[in-house]
Amino acid sequence: MKRFPWILTLFTIPALAFLIGLGVWQVQRLAWKEALITQAEAAATAAPAPIETVLKAADPEFRKALVVCPGLETARFVELQSIHEGAAGSRLISVCRAPGLDRPFLIDRGFLPDDISQRPRVADSTMPLSLLVELRRTPKAGGGMTPAPVGDRFYARDSAAIARALGVENPSEFTLFALSSTNPEIAALNASAPPAAFANNHLGYAMTWFGLAIALVGFYLALVWRRMRPEPSKDE
């Protein structure tokens, strides 16, 4: 008499539970990511407000704000190698010390293509400059494969290293991206915020895990059927 494949079953059940659990987790991640995208879109379309007001919001990221940055037009900057709309170039990063706020900000003044050699002049100044900006949470440092900075040229948005290069301690957790020009005399300087990077592949991942679970069930049933099917009689 054929025995039921209990050992195979004992291996299959936890494997199936594991695959289904991963699929359910990805479905939950999908709901979280869609809510995050909706929140970011709502924040990006909210009316600009003074930065002091925006910083009091539950989550200021992607909000537009009005800020005054004294001396920014001629402030020292470092260059961050970047790509904008398919063109290679640099983004100019400086410091904004907004009046009335305790912590300074790193501010991205905009993008300059590589074929533009003109740069803002650097000089000490306290001339106030009013700007429209977008707040982004300061990203983590680049990976270990990223080249080290050379002088004032950076190859990753390593905000801690950039702040040190600019002589800033304890900058805000938010980086400002200028949406209005800090230097109108340089027409090629594109004041803009890069697109929000929200990879949302969770539905595909969930389908993969659930598909593997279905395949496992099919494989298991096929083996059980092969093991338990009656053998043809010798008279047939």
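Look a little higher up for the structure.
Let us look at the structure shown here.

**A closer look at helix α4 (residues 202-228)**
Count 3.6 residues to each turn of an α-helix, and residues three or four apart come out pointing the same way.
Part 1 of the reasoning: The first and last C-alpha atoms of α4 sit 39 Å apart over 27 residues, in line with the 39 Å expected at 1.5 Å per residue.
Part 2 of the reasoning: Buried residues of α4: His202, Ala206, Ala213, Leu216, Tyr220 and Val224, and no others.
Part 3 of the reasoning: Looking at the buried residues of α4, the elements they touch are α1 (6-45).

**Describing the pairing of strand β6 (residues 130-137)**
Part 1 of the reasoning: Pairing of strand β2 (residues 64-68) with β6, which is carried by five bridges, proceeds in the antiparallel orientation. Among the inter-strand pairings, Val68 is bridged to a residue of β6, identified as Ser130.
Part 2 of the reasoning: With five bridges connecting them, β6 and strand β8 (residues 174-178) associate as antiparallel partners. If you follow Glu134 over to β8, its bridge partner there is Phe177.

**Description of the nonpolar core**
Part 1 of the reasoning: The biggest cluster of nonpolar side chains holds 18 residues, and the ones touching the most others in it are Val67, Cys96, Ile107, Leu131, Val133 and Leu176.
Part 2 of the reasoning: Mapped onto this core, the elements with two or more residues apiece are α2 (51-54), β2, β5 (105-113), β6 and β8.
Part 3 of the reasoning: For this core, the element with the highest residue contribution is β6, accounting for three residues.
Part 4 of the reasoning: Dropping the residues within four chain positions of it, Leu131 is found in contact with Ala65, Leu66, Val67, Cys69, Leu72, Ile107, Ser180, Ser181 and Thr182.
Part 5 of the reasoning: Residues Val78, Val95, Phe154 and Leu166 belong to the second largest nonpolar core, which totals 11 residues.

Calculation notes
Position numbers for residues count from 1 along each chain, tracking the sequence in the order it is written. Restriction of local features to residues with pLDDT of at least 70 applies here, the model being predicted, together with a cutoff of 80 or more for giving and counting side-chain atom pairs; totals for whole chains, interfaces and linings are based on all residues. The basis for every side-chain value is the complete set of heavy atoms in the structure, and neither hydrogens nor water enter the calculation. In this description a helix means any DSSP run of H or I spanning at least four residues, a strand means any run of E spanning at least two, and both kinds are numbered starting from the N terminus. In a helix, the anticipated span is given by 1.5 Å times the number of residues less one. Residue exposure (1.4 Å probe, protein chains only): buried if accessible area is under 20% of the type maximum, exposed if over 50%, otherwise partly exposed. Contact definition: two residues touch when any of their heavy atoms are within 4.5 Å. For two strands to pair, DSSP has to find at least two bridges joining them. Residues belong to a common nonpolar core when they are buried Ala, Val, Leu, Ile, Met, Phe, Trp, Tyr or Cys residues joined through side-chain atoms within 4.5 Å.

Read these as geometric descriptors, not functional statements.
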